[in-house]
Amino acid sequence: MSIRLRDFSDVSIEDYDAVVVGSGFAGAVCAHELAERGGKRVLVLEKRPHIAGNMYDEYDEAGILVHRYGPHIFHTGNQEVFNYVRQFTGWIAYQHHVLADWYGTYMPVPFNKNSMDIAFGEEKAQGLIQKMVDKFGDERKVTITELRESDDPELAEVADFVYENVFLYYTQKQWGLTPDEVDPSVTARVPVFISRDDRYFQDAYQGMPAAGYTELFNAMLDSDNIDICLSTDAVSVFDLEFKDDSEDAALECIKIKDREFTGPIIYTGPLDELFLGRFGRLPYRSLDFVYETYDEEYKLPCATVNFTVTEDYTRITEFKRLTAQRSDKTTIMKEYSRAYEDPDAQIPYYAIINDENNAHYERYRDLTRTLPNFYPLGRLAEYRYYNMDKIIELALKLSREILASE
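Just so you know, the residues in each chain are numbered from 1, in the order the chain's sequence is written. Local features in this predicted model are restricted to residues of pLDDT 70 or higher, and side-chain atom pairs are both shown and tallied only at a pLDDT of 80 or more, whereas totals for entire chains, interfaces and linings draw on every residue. As a convention, hydrogens and water are excluded, and side-chain values are obtained from all of the structure's heavy atoms.

(A) Representation of the packing of helix α3 (residues 113–120) against helix α6 (residues 153–175) within the structure. Two elements in contact, α3 and α6, have axes whose closest approach is 12 Å; the angle formed by their N-to-C orientations is 90°. Of the possible angle classes, the one that applies to α3 and α6 is roughly perpendicular. Contacts from M116, A119 and F120 of α3 reach α6 at E157, V158 and F161. Ten residues, namely Ala, Val, Leu, Ile, Met, Phe, Trp, Tyr, Cys and Pro, are considered nonpolar, four, namely Asp, Glu, Lys and Arg, are considered charged, and the remaining ones, Gly among them, are considered polar. Per-class residue counts for the contact of α3 with α6 are 5 nonpolar, no polar and 1 charged. Interaxial angles span 0 to 180 degrees and are taken between N-to-C directions of axes, which are lines fitted to C-alpha atoms, for helices over the stretch in contact. Secondary structure elements are defined from DSSP: runs of H or I of at least 4 residues count as helices, runs of E of at least 2 residues count as strands, and each element is numbered from the N terminus. Throughout, the term roughly parallel applies to angles under 35 degrees, roughly antiparallel to angles over 145, roughly perpendicular to angles from 65 to 115, and oblique to all others. We call two residues in contact whenever any of their non-hydrogen atoms come within 4.5 Å of each other.

(B) Focus on the sheet that holds strand β7 (residues 98–102). Sheet architecture is open: 7 strands sit in the order β8-β7-β19-β20-β21-β18-β22, paired in mixed fashion. Only two strands of the sheet have a single neighbouring strand rather than two, namely β8 (105–109) and β22 (350–351). Each of β7 and β8 touches α3; the most contacted strand, β8, lies at about 150° to it. Any two strands with at least two DSSP-identified bridges between them are counted as paired.

(C) Fine view of the environment of H75. Relative to the helices and strands, H75 resides in strand β5 (residues 74–76). Linking H75 and D134, residues 59 residues apart in sequence, is a C-alpha distance of 31 Å. When sequence neighbours within four positions are dropped, the list of residues in contact with H75 reads F201, D203, Y205, Q206, N387 and D389.

(D) Examining the packing of aromatic side chains more closely. Whether two aromatic rings pair depends on their centres lying within 6.5 Å, for rings of Phe, Tyr and Trp, where Trp uses its six-membered ring; planes under 30 degrees apart make the pair stacked, over 60 edge-to-face, and the rest tilted. With the rule as written, the count across this model stands at 25 aromatic pairs. For the ring pair Y200 and F201, a centre distance of 5.0 Å and an interplane angle of 85° mean the geometry is edge-to-face. On the accessibility criterion, Y200 (33% relative accessible area) is partly exposed. For the pair Y284 and Y340, a centre-to-centre distance of 5.7 Å together with 85° between the ring planes defines the contact as edge-to-face. Residue Y284 is found in strand β18 (residues 284–294), and its partner Y340 is found in the loop between β21 (330–339) and β22; the two are separated by 56 residues along the sequence. One exposure class covers both Y284 and Y340, and it is buried. Pairwise contacts between aromatic rings join W175, F289, Y349, Y350 and Y385 into one cluster. Only protein chains enter the area calculation, which uses a 1.4 Å probe; residues under 20% of their type maximum are buried, those over 50% are exposed, and those in between are partly exposed.

(E) Summary view of α3. Most of α3 sits out of view: 7 of its 8 residues are buried. Listed as buried for α3 are K113, N114, S115, M116, D117, A119 and F120. The elements touched by buried residues of α3 are β7, β8, β9 (111–112), α4 (122–136), α6 and β11 (191–193). Looking at where α3 begins, the residue whose side-chain oxygen comes 3.0 Å from the main-chain nitrogen of N114 is N112. Count one or two residues on from α3 and you reach G121, which has phi positive near 85°. Within 3.5 Å is the distance limit for a polar contact, defined as a pair of N or O atoms, with the added protein rule that one can donate a hydrogen and the other accept it, and that residues adjacent in sequence qualify only through two side-chain atoms.

Written out as structure tokens, the structure is:
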């Protein structure tokens, strides 16, 4: 298994039928499909010095396989997507469990029947659970709003507990908000799970790639029809030509190495950065990670612990709990949420989605709508939040549409 790496200075753009910007799931799936199913010669431009985007993992100095851009757990209800990724690597069974550190006591999240026992004591929790089952039914998720709208003050008490002890401080840290700034529409969707099922996800298909995500991407991009240029920023190699000199003039074409490229261009990077932020940067939240290695088998009781009422970091991940790796050492990662202020030093992770920012994004998107061979795809290019399975689904759909149109 060996991907084909090229130096961009040695590339002749006329040798390629398609260009893909980015080698995360959005870009890699499209590159694979266009190359293997469509027989196209594909050039992948990757800004980072490695493939796999935010899914990239590697072994640290202690020999522990760590995710360098935050923990990634594969889960989906889409069997086609699960079968697709399974062709590239072996998989291990894994069900994700998350605990909230509630002033030193561990409590399952999403908040559920087991959490109720811990928060209210088993005797009181039994009565509260029965009330919820009687009103809403068993084995279903209800929101804080639904609990508060009931006539029973005890159910409203449950909603208030979850809001104050599970949701509020964590959300403030994650998004850099004050309590008054937390959007009521977001608060309203916070769930309580009337169940003893402690899994964080209830999707039918869950697991982890046995050899890690990077090896999965190595297999996906291993094709005689795919060349990859690492440490190559599309912004620096794309020559954008516009219909006129006005600020909102639409793109007329994209040249690469002085040649207009007319084949498909699948772009998975931040759309505002492609246009050098001409309308101002789109706002995101970024993340900082602090790794700690210990001479002990395990540090945490599960893979992820959220800190919902204390600490300035949002969560800690212990990677061995994800990967089933055996070692007498363990590495954990503390995660800090930050404002995204410096594109040269930070990575945009989460779009701050609201009406104003959506309109801001659409102004950038309008610049590309007249270019029929330009396809923005993914979290950054579409300024949306997607789970990885949805990205794979969308990439497969786009690839099929491109091939069918040709």
